[in-house]
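Examining the three-dimensional arrangement
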Amino acid sequence: MHKKTKINETMTISGRIQSGVGKGSFFTSLDWVVQQCEDKLGYAPFPGTLNIRVRDEDVPKLQHFLAKTDAELVPEDRSFCAAPVKKVMIKGVPAAVVLPTEDVRIHEDRILEIISPHSFKQSFGLHDGDQISIIGKTTIIKK
Ligand SMILES: Cc1cc2nc3c(=O)[nH]c(=O)nc-3n(C[C@H](O)[C@H](O)[C@H](O)COP(=O)(O)O)c2cc1C
Ligand SMILES: Nc1ccn([C@@H]2O[C@H](COP(=O)(O)OP(=O)(O)O)[C@@H](O)[C@H]2O)c(=O)n1
């Protein structure tokens, strides 16, 4: 019998920034979201989500990239859904991909919603259409 070995790797996903429908700031300002981001991620999120449209060649990598999440934001009441989060680094800044359950997602799967302590647009002078890369940990299992 062969032993399985887990290898931790980092993966880079790139895409372009695009605006959403302006709902991200509402959800990231909710008390339970702010509190749990502080507890589980170590920061209160900037009010909003940075939407990144993943480039064509990285779309096939997404499932593997998002397979392992690091924490889950769990609402106190059932009017909201839980949202798993995956820690990533963007421009050297800690950030997280938020993955609200599929039935409330309004964007295609290739649009990643990012939270971080500061506004990327304000901190780095970024605009819609600019390219951006996300670095995150993944695990591969070798038999
Ligand atoms: C932490 C978090 C939790 C969310 N929970 C819900 C939810 O319970 N129900 C819902 O309809 N949308 C929820 N969403 C929001 C949707 O995914 C929303 O459509 C999205 O944030 C829109 O972002 P945009 O304004 O950048 O386009 C949540 C978003 C975040 C960031
Ligand atoms: N960490 C973040 C979160 C949002 N943002 C931006 O802040 C603005 C407000 O976010 P939002 O989620 O309410 O708005 P939309 O993404 O729906 O346009 C948008 O222009 C986002 O792209 C950012 O630059 N950095």
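Analysis parameters
- Residues numbered from 1 in each chain as written.
- Chains lettered and ligands numbered in written order.
- Predicted model: local features only at pLDDT ≥ 70, side-chain atom pairs only at ≥ 80, totals over all residues.
- Heavy atoms only, no water.
- UniProt positions renumbered as here; feature names shortened; annotations may be inferred.
- Helix = DSSP H or I, 4+ residues; strand = E, 2+ residues; numbered from the N terminus.
- Buried < 20%, exposed > 50% of the residue type's maximum accessible area, 1.4 Å probe, protein only.
- Contact = heavy atoms within 4.5 Å.
- Areas by Shrake-Rupley, 256 points an atom, 1.4 Å probe, with all protein chains shown as cover.
- Lys, Arg positive; Asp, Glu negative; His and termini not counted.
- Charge placed at Lys NZ, Arg CZ, Asp CG, Glu CD.
- Pairing = 2+ DSSP bridges.
- Near = heavy atom within 4 Å.
- Polar contact = N/O pair within 3.5 Å; in protein donor to acceptor, adjacent residues only side chain to side chain.
- 1 Å grid on protein atoms, 1.4 Å probe; cavity = no way out; pocket = protein on both sides within 12 Å on 5 of 7 lines; lining within 4 Å.
- Sits in = over half its atoms within 2 Å of the grid points.

The protein is annotated in an unreviewed UniProt entry as Riboflavin kinase from Desulfosarcina ovata subsp. ovata. One UniProt comment on the protein, placed under Cofactor (unreviewed entry), says "Mg(2+)". Comment text from UniProt for the protein, heading Sequence similarities (unreviewed entry), reads "Belongs to the archaeal riboflavin kinase family."

This part is about the overall build of the protein. Within the protein, the regular secondary structure consists of 4 helices and 7 strands. Mapped from its N terminus to its C terminus, the protein presents α and β elements in the order β-α-α-β-α-β-β-β-β-α-β. Expressed along its principal axes, the backbone C-alpha trace of the protein runs to roughly 50 × 35 × 30 Å. Taken over 143 residues, the protein has a buried fraction of 38%. When contacts within the protein are restricted to residue pairs at least 6 apart in sequence, those whose partners lie at least 24 apart make up 69%. Surface summary for the protein: the accessible area is close to 8,800 Å², and the carbon and sulfur share equals 51%. Charge centroids of the protein, computed over 20 positive and 18 negative side chains, lie 9 Å from each other.

By secondary structure assignment, the location of Val97 is in strand β5 (residues 93-98). Spatially, the C-alpha atoms of Val97 and Ile134 are 9.4 Å apart, while their sequence positions differ by 37 residues. Residues in contact with Val97, not counting those within four places in the same chain, are Leu66, Pro84, Val85, Lys86, Val88, Leu112, Glu113 and Ile114.

Let us look at the pairing of strand β2 (residues 50-54). The buried fraction of β2 amounts to 4 of the 5 residues, a majority that puts the element mostly inside the structure. Here 4 bridges tie strand β1 (residues 5-18) to β2, and the two strands are oriented antiparallel to one another. In the strand pairing of β2, Gly15 is matched with Val54. In terms of strand pairing, β2 meets strand β6 (residues 111-115) through 4 bridges, oriented antiparallel. Bridging across to β6, Asn51 finds its partner in Glu113.

Moving on to the site of ligand 2. Lining the immediate surroundings of ligand 2 are 16 residues, of which Gly20, Gly22, Thr49, Phe120 and Lys121 lie closest. Separating an oxygen atom of ligand 2 from a backbone N or O atom of Gly22 is a distance of 2.6 Å. For ligand 2, a nitrogen atom lies 3.2 Å from a polar atom in the side chain of Ser116. Considering ligand 2 on its own, with 510 Å² of exposed area, one finds that the protein chains cover 86% of that surface. Judged by the proximity of its atoms to the pocket grid, ligand 2 belongs to the largest pocket.

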